[in-house]
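# A look at the structure
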Amino acid sequence: MSSPSCWAERLTDQQQHLFVGRKHECRRFNEFLDTPQARLLHVRGIAGMGKSALLSRCLNMASQLRIPTLLLDGNRIAADHQAIQTELQRQPQSRLIAFDAFERFATVEGWIREELLPCMPDAVRVIIAGRPPLATAWKDHLGLRSLTEEIQLDNLSRTACERYLRLRRVPEKCVSAICEFAKGHPQALAISADVVLA
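Being a predicted model, the structure only gives us computed values, none of them experimental.

Here we take up the nonpolar core. If you look at the biggest cluster of nonpolar residues, it comprises 22 residues, and the most contacted ones within it are L72, I84, I97, F99, F105, I112 and W138. Those elements giving two or more residues to this core turn out to be β2 (69-73), α4 (81-90), β3 (96-100), α5 (109-116) and β4 (125-130). It is α5 that provides the largest number of residues to this core, a total of three residues. When neighbours within four sequence positions are excluded, F99 is seen to be in contact with L55, L72, I84, F105, I112, L116, V126, I127, I128 and A129.

Below is the structure:
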């Protein structure tokens, strides 16, 4: 394995190193890429459930397959047509486009559904990650419904939680108590590890 060439690569490597569980979801992502008909993948889950982490993992997996990717993060870019179009124009070769924190794009959600996606080249696949279910208009759209896959994120398994804490080098005497407290919620798990290691 080659050494990171910049801080961004090193940070990504560290994030991937701490990624645990979600084997089923990663398998579903691979199936999404392999399914000729599928074009839209919706990842949903409550706050702190690890949507962004899974999205990062999926983009990393795609990059390893030499699929050009683009992340549109609702926490970082404005929810307007121009901002989205600008990002798309910067990386016109992208074949996997991911919207993270999709709930923040609510003001342009209709435009994304009715105008942006239909104009995408057929080779492009899209991931939408957010907290709520997709609006009824998405499900009522017969064309999109047939092209869409969905992943619902649930809590991590006890085994995944223990592995994460050991990767973080949390003292063994604290592992069981943290697992009991977090109950598989990824954000609660991470915050608890931070507190113990502070």
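Back to the text.
Another point: the sheet that holds strand β1 (residues 40-44). With parallel pairing, five strands are arranged side by side in an open sheet as β2-β3-β4-β1-β5. Strands with a single pairing partner mark the edges of an open sheet, and in this sheet they are β2 and β5 (148-152). Ignoring strand direction, the axes of neighbouring strands in this sheet form an average angle of 15°. The strands touched by helix α2 (residues 23-34) are β1, β3, β4 and β5; relative to β5, the strand with the most contacts, the crossing angle is about 175°.

Moving on, we get to the pattern of salt bridges. One pass over the full model with this rule turns up 12 salt bridges. Salt-bridge contacts for R39 lead to D122; the nearest nitrogen and oxygen are separated by 3.2 Å. Of this pair, R39 sits in the loop between α2 and β1 while D122 sits in the loop between α5 and β4; the two residues are 83 residues apart in sequence, bridging distant segments of the chain. Here R39 falls in the buried class, since its relative accessible area comes to 18%. D122 gets classed as exposed once you look at its relative accessible area, which sits at 59%. Between E172 and R166 there is a salt bridge whose closest N-O contact spans 2.4 Å. Since its relative accessible area comes to 49%, E172 is described here as partly exposed. Classification of R166 by relative accessible area gives partly exposed; the value is 41%. One salt-bridge network, held together by shared partners, links R158, E162, R166, E172 and E180.

Okay, the state of the cysteines next. According to the stated counting rule, one finds zero disulfides in the structure shown. No disulfide involves C179; its nearest neighbouring cysteine sulfur is the one of C161, lying 5.1 Å away.

Within the secondary structure layout, K51 lies in helix α3 (residues 51-64). Buried within the structure, K51 lacks any salt-bridge partner; its nearest side chain of opposite charge belongs to E103, at an N-O separation of 6.0 Å. Excluding its chain neighbours within four sequence positions, the residues that come into contact with K51 are V43, R44, G45, I46, A129, G130, R131 and L153.

It is worth spelling out the environment of A78 at this point. Note that A78 resides in the loop between β2 and α4. A relative accessible area of 40% places A78 in the partly exposed class. Distance in space between the C-alpha atoms of A78 and V126 is 19 Å, their sequence separation being 48 residues. If sequence neighbours within four positions are ignored, A78 has contacts with A83 and F105.

Assignment of secondary structure puts C174 in helix α9 (residues 172-182). Taking the C-alpha atoms as reference points, C174 and A193, 19 residues apart in sequence, are found 9.1 Å from one another.

Once that is clear, we can look at the environment of A83. In this structure, A83 sits in helix α4. Sequence separation between A83 and L72 is 11 residues; the distance between their C-alpha atoms is 9.7 Å.

Most of β3 is tucked away, with five of its five residues classed as buried. Here β3 shows two buried faces, one formed by L96, A98 and D100 and the other by I97 and F99. Relative to β3, β2 is paired through five bridges, and the arrangement is parallel. Bridge pairing in β3 links L70 to I97. A crossover links β2 with its parallel partner β3, the connecting element being α4, and its sense is right-handed. The sheet contact formed by β3 and β4 spans four bridges and is parallel. Paired with I97 across the bridge in β4 is V126. Between the parallel elements β3 and β4, the chain passes through α5 in a crossover that is right-handed.

What counts and how
Residues numbered from 1 in each chain as written. Predicted model: local features only at pLDDT ≥ 70, side-chain atom pairs only at ≥ 80, totals over all residues. Heavy atoms only, no water. Core = buried A, V, L, I, M, F, W, Y, C linked by side-chain atoms within 4.5 Å. Buried < 20%, exposed > 50% of the residue type's maximum accessible area, 1.4 Å probe, protein only. Helix = DSSP H or I, 4+ residues; strand = E, 2+ residues; numbered from the N terminus. Contact = heavy atoms within 4.5 Å. Pairing = 2+ DSSP bridges. Axes fitted to C-alpha atoms, helices over the stretch in contact; angles between N-to-C directions. Salt bridge = Lys/Arg side-chain N within 4 Å of Asp/Glu carboxyl O. Disulfide = S-S within 2.5 Å. Lys, Arg positive; Asp, Glu negative; His and termini not counted. Right-handed = clockwise from strand over helix to strand, strands pointing away.

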